[in-house]
Amino acid sequence: MTSPSADAYVRLDTHPTHTSAVTATITGPGQEPARALLAARGFEALDEDTLVMARIDHEESQ
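This write-up is about the structure you can find in this document. All values reported here derive from a predicted model rather than from experimental measurement.

So, on to the overall build of the chain. Counting its regular elements, the chain contains one helix and four strands. The buried share of the chain, reckoned over its 62 residues, is 19%. Considering only contacts in the chain between residues 6 or more positions apart, those separated by 24 or more positions represent 31%. When the accessible surface of the chain is split by element, carbon and sulfur atoms take 55% of a total near 5000 Å².

Summed over all chains, the structure comprises two salt bridges. Measuring nitrogen to oxygen at the nearest pair gives 3.3 Å for the salt bridge that ties D13 to R11. With its nearest N and O atoms 3.1 Å apart, the salt bridge here joins R35 to E32. Pair noted here: R35 and E32 are both in helix α1 (residues 31-40), with a separation of three residues, about one helical turn. Its relative accessible area of 17% is what places R35 among the buried residues. A relative accessible area of 51% means that E32 is categorised as exposed.

As for its placement among the helices and strands, E48 is situated in the loop between β3 (44-45) and β4 (50-54). Taking C-alpha positions, E48 is 8.7 Å from I26, a pair spaced 22 residues apart along the chain. In contact with E48, not counting residues within four places along its chain, are Q31 and R35.

Moving on: the side chain of Q31. Tracing the backbone shows Q31 in helix α1. Looking at Q31, the relative accessible area reads 17%, which means it is buried. Sequence-distant contacts of Q31, defined by excluding residues within four places in its chain, comprise A8, I26, E48 and D49.

Rules and cut-offs
Residues numbered from 1 in each chain as written. Predicted model: local features only at pLDDT ≥ 70, side-chain atom pairs only at ≥ 80, totals over all residues. Heavy atoms only, no water. Helix = DSSP H or I, 4+ residues; strand = E, 2+ residues; numbered from the N terminus. Buried < 20%, exposed > 50% of the residue type's maximum accessible area, 1.4 Å probe, protein only. Contact = heavy atoms within 4.5 Å. Areas by Shrake-Rupley, 256 points an atom, 1.4 Å probe, with all protein chains shown as cover. Salt bridge = Lys/Arg side-chain N within 4 Å of Asp/Glu carboxyl O.

By themselves, these are just geometric observations and shouldn't be taken as functional.
What follows is the structure, encoded as structure tokens:
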């Protein structure tokens, strides 16, 4: 008998407009454990499938 797997996939990328931020896009079934782990590491939810973590060391030009 095989054990079930989470089958969640996380894609990390730089934010398109803020170079000091990283986005995490979660796809596949079993997303809750991945979302909880990312949130525990400082990511914040933008929507159901996307989280972001920003590191602000200095003012960004606008």
